[in-house]
Amino acid sequence: MSIPIHSLTLPAAPPPSQLGTLADPSQHSGPLAPGTHLPAQLIRMLHEMTRIRLVENTLAAMAEAGEIKGPLHLTTGQEAVAVGVAAYLRKTDRAFGSHRSHGHYLAMGGNARALLAEALGKATGCSGGFGGSMHLCAREVGFYGSAPIVGGTIALAAGAAIAAKFDGKGDIAVAFFGDGASEEGVFHETLNLASLMRLPMLFIAENNLFSSHLDLHLRQPSNRIARFADAACMEQATIDGNDVIQVSDYAAKLVENARRRSCPALLECVTYRWHGHVGPRADMGVGERRTPEDIKAWKARDPIERLLAGLVAAGHCTRQAHEAFTASTKKELDALRRDVSSDPWPAESSLLEKVYGR
Ligand SMILES: Cc1ncc(C[n+]2csc(CCOP(=O)(O)OP(=O)(O)O)c2C)c(N)n1
Ligand SMILES: [Mg+2]
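Attention in this report is confined to the structure presented alongside it.

Conventions we followed
- Residues numbered from 1 in each chain as written.
- Chains lettered and ligands numbered in written order.
- Predicted model: local features only at pLDDT ≥ 70, side-chain atom pairs only at ≥ 80, totals over all residues.
- Heavy atoms only, no water.
- Donors = N, O, S within 2.8 Å, 3.2 Å for Na, K, Ca; no water.
- Buried < 20%, exposed > 50% of the residue type's maximum accessible area, 1.4 Å probe, protein only.
- Pairing = 2+ DSSP bridges.
- Helix = DSSP H or I, 4+ residues; strand = E, 2+ residues; numbered from the N terminus.
- Axes fitted to C-alpha atoms, helices over the stretch in contact; angles between N-to-C directions.
- Contact = heavy atoms within 4.5 Å.
- Near = heavy atom within 4 Å.
- Polar contact = N/O pair within 3.5 Å; in protein donor to acceptor, adjacent residues only side chain to side chain.
- Areas by Shrake-Rupley, 256 points an atom, 1.4 Å probe, with all protein chains shown as cover.
- 1 Å grid on protein atoms, 1.4 Å probe; cavity = no way out; pocket = protein on both sides within 12 Å on 5 of 7 lines; lining within 4 Å.
- Sits in = over half its atoms within 2 Å of the grid points.
- Nonpolar A, V, L, I, M, F, W, Y, C, P; charged D, E, K, R; others polar.
- Salt bridge = Lys/Arg side-chain N within 4 Å of Asp/Glu carboxyl O.
- Parallel < 35°, antiparallel > 145°, perpendicular 65-115°, else oblique.
- Left-handed = near helix turned anticlockwise from the far one by under 90°.
- Expected span 1.5 Å × (residues − 1).
- Core = buried A, V, L, I, M, F, W, Y, C linked by side-chain atoms within 4.5 Å.
- Phe/Tyr/Trp six-rings, centres within 6.5 Å; stacked < 30°, edge-to-face > 60°.
- Lys NZ or Arg CZ within 6 Å of the ring centre and 35° of its normal.

1. Digging into the coordination of the magnesium ion (ligand 2)
The magnesium ion (ligand 2) binds to the protein through D179 (OD), N208 (OD1) and F210 (O), with metal-donor distances spanning 2.1 to 2.2 Å. Assessed through its relative accessible area of 1%, D179 is described here as buried. Under the relative-accessibility criterion, N208 is labelled buried at 7%.

2. Comments concerning the sheet that holds strand β1 (residues 94–96)
Strands sit in the order β2-β1-β3-β4-β8-β7 across an open sheet of 6 strands; the sheet is parallel. The two strands at the open ends of the sheet, each matched to only one other strand, are β2 (143–145) and β7 (235–240). Here the average twist between neighbouring strands, direction ignored, is 20°. Relative to strand β8 (residues 265–270), β7 is paired through 6 bridges, and the arrangement is parallel. Residue pairing in the sheet places Q236 in a bridge with L266 of β8.

3. Re the side chain of E79
Structurally, E79 is set in helix α3 (residues 79–86). You can call E79 buried: its relative accessible area is 1%. With residues near it in sequence (within four places) discarded, E79 still touches M49, I52, R53, P303 and I304.

4. Focus on the site of ligand 1
In the region of ligand 1, 15 residues are neighbours, and H99, R100, P148, G180 and N208 sit closest. At 2.9 Å, a backbone N or O of P148 approaches a nitrogen atom of ligand 1. At 3.1 Å, a side-chain N or O of D179 approaches an oxygen atom of ligand 1. Relative to its free-state accessible area of 580 Å², ligand 1 is covered by the protein chains to the extent of 72%. When each cavity is represented as a set of grid points, ligand 1 is found to reside in the second largest pocket. Class assignment for the residues of the shell around ligand 1 results in 5 nonpolar, 7 polar and 3 charged.

5. Some words on the pattern of salt bridges
Scanning the model with the defined rule gives 18 salt bridges in all. Among the ionic pairs, E79 bridges to R53, the shortest N-O distance being 2.6 Å. Separated by 26 residues along the polypeptide, E79 in helix α3 and R53 in helix α2 (residues 39–64) bring together distant segments of the chain. Connected via shared salt-bridge partners are R90, R94, D167 and D171.

6. A closer look at the packing of helix α6 (residues 152–167) against helix α7 (residues 185–196)
In the contact formed by α6 and α7, the axes pass within 8 Å of each other and the chain directions differ by 20°. One finds that α6 runs roughly parallel with respect to α7. The hand of the α6/α7 crossing is left-handed. Residues I154, A155 and A158 of α6 form the contact with α7, whose participating residues are V186, F187 and T190. A breakdown of the residues in the contact of α6 with α7 according to their chemical character gives 5 nonpolar, 1 polar and no charged.

7. Regarding α6
Helix length check: α6 (16 residues) gives 24 Å between terminal C-alpha atoms against 22 Å at 1.5 Å per residue, within 8%. Summarising the contacts, the buried residues of α6 are in contact with β1, β2, β3 (173–178), α7 and β4 (201–207). Phi turns positive one or two residues past the end of α6, at G168, with a value near 70°.

8. What to know about the nonpolar core
Core analysis: the largest hydrophobic core is formed by 62 residues, its most contacted members being V174, L202, I204, V244 and L307. No other element matches the 10 residues that α2 contributes to this core. With residues near it in sequence (within four places) discarded, L307 still touches L32, L42, M45, L46, M49, V244 and I245. Counting residues in each nonpolar core, the second largest holds 33 residues, with I154, F203, Y272 and W298 among its members.

9. Some remarks on the packing of aromatic side chains
Taken as a whole and assessed by the stated rule, the structure comprises 7 aromatic pairs. Here the aromatic rings of Y105 and F143 are separated by 6.1 Å at their centres, their planes lie at 85°, and the arrangement is edge-to-face. In this pair, Y105 is assigned in helix α4 (residues 102–107) and F143 in strand β2, connecting sequence segments 38 residues apart. You can call Y105 buried: its relative accessible area is 1%. The buried category is assigned to F143, whose relative accessible area is 0%. Sitting above the plane of the Y144 ring, R139 keeps its charged end 4.5 Å from the centroid. Lying across the ring of F210, R290 places its NZ or CZ 5.9 Å from the centre.

See the structure below:
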């Protein structure tokens, strides 16, 4: 008798969401309330999110034109997480990313030109053209590197946190990773170690409900990633990752705890990516399972539009001023795109320069 494997392994319907309304795109889509935050700080975050979006639009256009040959994992729709957390980091901190890290790199202050060049594989790229879009690095601003091995950089961040603790200057390490990385053993081992050693380290989980094509409910019995911190006796919170004010408020508190008291924590930010898993198209990734209706609903929860609408309603900025910022940034990025196209490729003689143990 043959047993249908699927009926044994896959749940027929998603279990009740443990994220409450956070996983429902029809909720939390209105303008953000500026509250007591300084308008200048909010406008800076609006500009940073917009800039990340426009850099990624440029990368998407370069991929569509066939200029970028390697894989490109766009973070469009998730900008608030990188910007909200980076708002409280400093150049001497040590942040690590994943395969989807254009936003982390840029929010930390990474150079946009060096990102475009790296995506093209040019010698002027931030990794010398050897890495492509998944290997970004800007140590001079505290971005220690991204890498495509899912979960791989989480343990590297713990090493950097140990070094920071020895240095004793109050610097911290941050690991940005996706929900899929919580299925890697190294994530749990690092949570345990960070808690036991009281490392000055933040785990920032970007829960976009998918790991490549696969829905979270088909991979885990609960869709709340922060629950794993409980097993490590670590402080945790689950918040709206498309609300940059909320992300930055939590980041302010957790960064301070890590800096002053060497207290690690996990912050789960619920969000959604607008493009497919890899490449610029929205309607496909690796066997994409999301519907056009899902994507439309999540676009209505756009982190940029929500902050802009809140700032306009409070009289802190105008849509015209934001359009002017967008137009001038686009112009700057168009010029960079033209400029990097004539950059040199890495020299053949440099092929083995970064190879160890020769
Ligand atoms: C160790 C390892 N396993 C599998 C892969 C293939 N892979 C690349 S990205 C990805 C999805 C990761 O999902 P998530 O961590 O949720 O990040 P997201 O793409 O949603 O931002 C997978 C499975 C890999 N790169 N590394
Ligand atoms: Mg994911």
